[in-house]
Amino acid sequence: MPEIGEIIENKPIGGDYHRLVVRSKALMDSSPGQFTHLLVQSPKGPNTWDPLLRRPLSIYDVDGERASFLYKTVGRGTKLLANRLPGETIDLLGPLGRGFKITSAPALLIGGGVGAAPMLFLARKLHEQGRDFVVLLGAKTGEELAFAGDFGKFSSHLYLVTDDGSLGSCGLVTDSVPELVAQFKIPPKLYACGPIPMLSCLAGLAAQHNFTLDVSLEAKMACGVGACLACTCFLKDGSTARVCADGPVFPYEAIEWGRRDG
Amino acid sequence: MADLKVKLGSLALANPITVASGTFGFGREYAKFYPLSELGAVITTAVTLEKRMGNPPPRLVETASGILNSIGLENPGVDYFLQEELPHLKDSGAKVIVNIAGRTVEEYAQVAAKLATAPGIAALEVNISCPNVREGGIAFGTDPQMAQKVTRAVRDQWDGPLIVKLSPNVAEIALLAQAVVEAGADIISLINTLTGMAIDPHTWQPKLANVVGGLSGPAIKPVALRMVWQVAQAVSVPIIGMGGIMTVEDVVEFLLAGASCVAIGTGNFWQPTLARDLVAALDTYLDSRDLANVQMLIGQVGKGGAPWHSCV
């Protein structure tokens, strides 16, 4: 059911990134990798339905009734969301989708750009379960990794990579993956979220080195609940899957990477 | 409590609110939000003879107060529908209207024949906006003669209420309406999506992989309302009106224009409980104006003053 939550915090945190914290009961039941489909406009209206659709945001963290989101102001919807103020109400539909399946293997969490969002919540769960894990985050510039400090609460093994070398090492996240995996005594499971080229490259590495890899996909969504088939992706076995309801997390082998350019 | 019941010929509905094909799947997802029996009817996603994979992504673009989609009729096929989807939909207590589509006249007839053997389907809705493979890809819905052929072919296989859903991408909607009624349509629904396009000014690429798509949402409401009104003037069969309905005021406008029933489409994406919420809101609207039943609104645009003004 859509829930009217309350905005506790909504502020810029470097780059075009914002952190939104809401009070929500429904989201207390979330698991890492799930998302919330939220309306950027105030539920109090007036509503001109422009933008019309909800925005699917990965759940960044859940701490009791406090649920948070990390989002980048890339379009009109997220820019309007950035103007919402603490104390205002917000229409939340979630948690939705199927999240990451946590296994007993040690874990390597890989977040590219705003794809870091589901990784903090996953880090919290792994930390709570006392598991061994490493976090790898990449972005264009150091300014776009200003949120990386949030990961310090849950992990002491945090690696940062930037395209321009302004923070952490210089290069692409995918460059560091084989080396990081080699440092594990037991082969880790890889959990990744980020742009399609990054995920596609990781899928290639996973196939080559026999890694276990779950990816969280991004897609344009309308309903968010599996009815409209706008976010369909094609699978290796010739069938289709709904990113919103069958995903957004999939084992990398399931995806037909060549047919996804959206 | 006002009387919300409507009769569209032999199709009797508990209230005039239903959901538009393609926006509601087969009801499974929205049944998690409210009992589907609270709606007048559920109109399913289009069902075709064979399973269809649909168009490549991206299939969706948001536009000003609307969305453009090119889903491409992705569906599991009529046999799967009958086995795996119809049972739960019937069990939900909803009136089931099945939307059908095809590439050829024969395909429409074959789908209708299969559905005619299954009990529990209240009506068929024929989507004539599909490209006609045999006739060079021109949509059945833009040529009155082709629209008649499809309507007759389905009529031959289906004895129950037959709804034909009109495409708005024509010059004279009334001509299409008259043509399908002549060919045996009992009810007309309109409008399907308006053909549109979106381009990314940075990459210079079309935003949909299919290049063009169908526009829906509040952006198209005035066009839909005008076409419902024109069709209501041209034919005497009942009309299911749709196109950008988001509020109870929108519902009332479509009823005033001549629709006996409305369908909520894109609005379901905005608020998953919208269709159910509008049933209660319509009741409140009627009660607050001392209108005993919903019939008192149908086709009444411009006819006399509103009752609550009469005592002033």
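One can find the structure itself at the top, above this paragraph.
Just so you know, these numbers come straight off a predicted model, no measurement behind them.

**Q** What am I meant to see in the environment of L297(B) here?
**A** Among the secondary structure elements, L297(B) is positioned in the segment after α8 (274-288). With 130 residues separating them in the primary sequence, L297(B) and S167(B) have C-alpha atoms 25 Å apart.

**Q** When you look at the side chain of R155(B) in this model, what are you seeing that I'm missing?
**A** Residue and element names in this part refer to chain B. By the element assignment, R155 lies in helix α3 (residues 144-157). Within the local environment of R155, its side chain forms a polar contact with the backbone oxygen of W158, the two atoms lying 2.7 Å apart. Of note is the side chain of R155, whose polar atom sits 2.8 Å from the side chain of D186. When sequence neighbours within four positions are dropped, the list of residues in contact with R155 reads G160, L162, A183, G184 and D186.

**Q** Can you help me understand the sheet that holds strand β11 (residues 194-197) of chain B in this one?
**A** Through backbone hydrogen bonds, the strands of a sheet pair up, either in parallel or in antiparallel fashion. Residues and elements named next belong to chain B. Read from one edge of the open sheet, four strands run β5-β6-β12-β11, paired in antiparallel fashion. Each edge of the open sheet carries a strand with a single partner, namely β5 (60-63) and β11. Pairwise comparison of adjacent strand axes, ignoring direction, gives a mean angle of 40° for this sheet.

**Q** Sorry if this is basic, but what is going on with the interface of chain A and chain B here?
**A** A common way to report how large an interface is uses the accessible area buried once the components associate. Taken residue by residue, the interface counts 33 residues in chain A and 35 residues in chain B. With both sides pooled, the region where chain A packs onto chain B buries about 2,800 Å², and carbon together with sulfur makes up 64% of that total. Three residues, M1(A), W49(A) and L52(A), lead the burial of chain A against chain B; their summed loss comes to 23% of the area buried on that side. Linking chain A with chain B are two salt bridges. Elements with a contribution of two residues or more to the side of chain A that touches chain B: β7 (89-96), β14 (232-234) and β15 (240-242) of chain A. Each residue belonging to the side of chain A that touches chain B can be placed in one class, and the counts come to 17 nonpolar, eight polar and eight charged.

**Q** I'm lost on the sheet that holds strand β9 (residues 133-139) of chain A in this one. Help?
**A** Residues and elements named next belong to chain A. In spatial order, the strands read β11-β10-β9-β8-β12-β13-β16; together these seven strands make up an open sheet with mixed pairing. Looking at strand neighbours, the two that pair on one side only are β11 (169-170) and β16 (249-251), the edges of this open sheet. As defined by bridge partners, strand β13 (residues 212-216) adjoins β16 across three bridges and the pair is classed as antiparallel. Within β16, the position partnered with S216 by the bridge is V249. Each of β8 (107-112), β9, β10 (158-162) and β12 (189-193) is contacted by helix α3 (residues 173-182), which is oriented at about 165° to β9, the strand it contacts most.

**Q** What is the right way to look at the environment of G14(A) in this model?
**A** Residue and element names in this part refer to chain A. Tracing the backbone through its elements, the reader meets G14 in the loop between β1 (3-12) and β2 (17-23). Spatially, the C-alpha atoms of G14 and V243 are 29 Å apart, while their sequence positions differ by 229 residues. Setting aside chain neighbours within four positions, we find G14 in contact with E143 and A146.

**Q** How should the packing of helix α1 (residues 78-91) of chain B against helix α2 (residues 105-116) of chain B be read in this particular structure?
**A** Helix packing geometry: the angle between the two helix axes and the distance between the axes. Residue and element names in this part refer to chain B. Between α1 and α2, the shortest axis-to-axis distance is 10 Å and the interhelical angle comes to 20°. Relative to α2, the element α1 is oriented roughly parallel. In the crossing of α1 with α2, the sense of the turn from one axis to the other is right-handed. Here V78, D79, F81 and L82 of α1 lie close against α2, whose contacting residues are V111, K114 and L115. Across the contact of α1 with α2, the residue classes tally to five nonpolar, no polar and two charged.

**Q** Just to check I follow, could you spell out a nonpolar patch on the surface for this structure?
**A** Together, M197(B), I199(B), V211(B) and V212(B) make up an exposed nonpolar region whose accessible area comes to about 330 Å². Along the polypeptide, V211(B) turns up in the loop between β11 and β12 (212-216).

**Q** Help me understand the environment of A20(B) in this model?
**A** All names here are of chain B. Mapping A20 onto the fold places it in the loop between β3 (17-19) and β4 (41-43). Taking the relative accessible area as the measure of exposure, A20 reaches 8% and is therefore buried. In the structure, A20 is positioned 154 residues away from A174 in sequence and 21 Å away in space, judged by C-alpha atoms. Beyond its immediate stretch of four places on either side in the chain, A20 contacts I43, M242, A263, I264 and G265.

**Q** Explain α2(B) here, please?
**A** Within an α-helix, residues lying three or four positions from one another point in the same direction, as the helix has 3.6 residues per turn. With twelve residues, α2(B) ought to run about 16 Å at 1.5 Å a step, and its terminal C-alpha atoms sit 17 Å apart, in line with that. Regarding α2(B), the residues found buried are V105(B), E107(B), Y108(B), A109(B), V111(B), A112(B) and L115(B).

**Q** I tried to follow the packing of α3(B) against helix α4 (residues 173-182) of chain B on my own but got confused; where do I start?
**A** Residue and element names in this part refer to chain B. Axis separation between α3 and α4 bottoms out at 8 Å; the angle between their running directions is 30°. The angle between α3 and α4 places the two elements in the roughly parallel class. For the pair α3 and α4, the crossing hand works out as right-handed. Contact residues: P144, A147, Q148 and T151 in α3; L176, A179, V180 and E182 in α4. Grouping the amino acids of the contact of α3 with α4 by side-chain chemistry returns five nonpolar, two polar and one charged.

Each value, and the rule that gives it
- Residues numbered from 1 in each chain as written.
- Chains lettered and ligands numbered in written order.
- Predicted model: local features only at pLDDT ≥ 70, side-chain atom pairs only at ≥ 80, totals over all residues.
- Heavy atoms only, no water.
- Helix = DSSP H or I, 4+ residues; strand = E, 2+ residues; numbered from the N terminus.
- Polar contact = N/O pair within 3.5 Å; in protein donor to acceptor, adjacent residues only side chain to side chain.
- Contact = heavy atoms within 4.5 Å.
- Pairing = 2+ DSSP bridges.
- Axes fitted to C-alpha atoms, helices over the stretch in contact; angles between N-to-C directions.
- Buried area = accessible area lost by both parts, 1.4 Å probe.
- Salt bridge = Lys/Arg side-chain N within 4 Å of Asp/Glu carboxyl O.
- Nonpolar A, V, L, I, M, F, W, Y, C, P; charged D, E, K, R; others polar.
- Parallel < 35°, antiparallel > 145°, perpendicular 65-115°, else oblique.
- Left-handed = near helix turned anticlockwise from the far one by under 90°.
- Patch = residues over 30% accessible without salt bridge, like charges linked within 9 Å, V, L, I, M, F, W, Y side chains within 5 Å.
- Areas by Shrake-Rupley, 256 points an atom, 1.4 Å probe, with all protein chains shown as cover.
- Buried < 20%, exposed > 50% of the residue type's maximum accessible area, 1.4 Å probe, protein only.
- Expected span 1.5 Å × (residues − 1).

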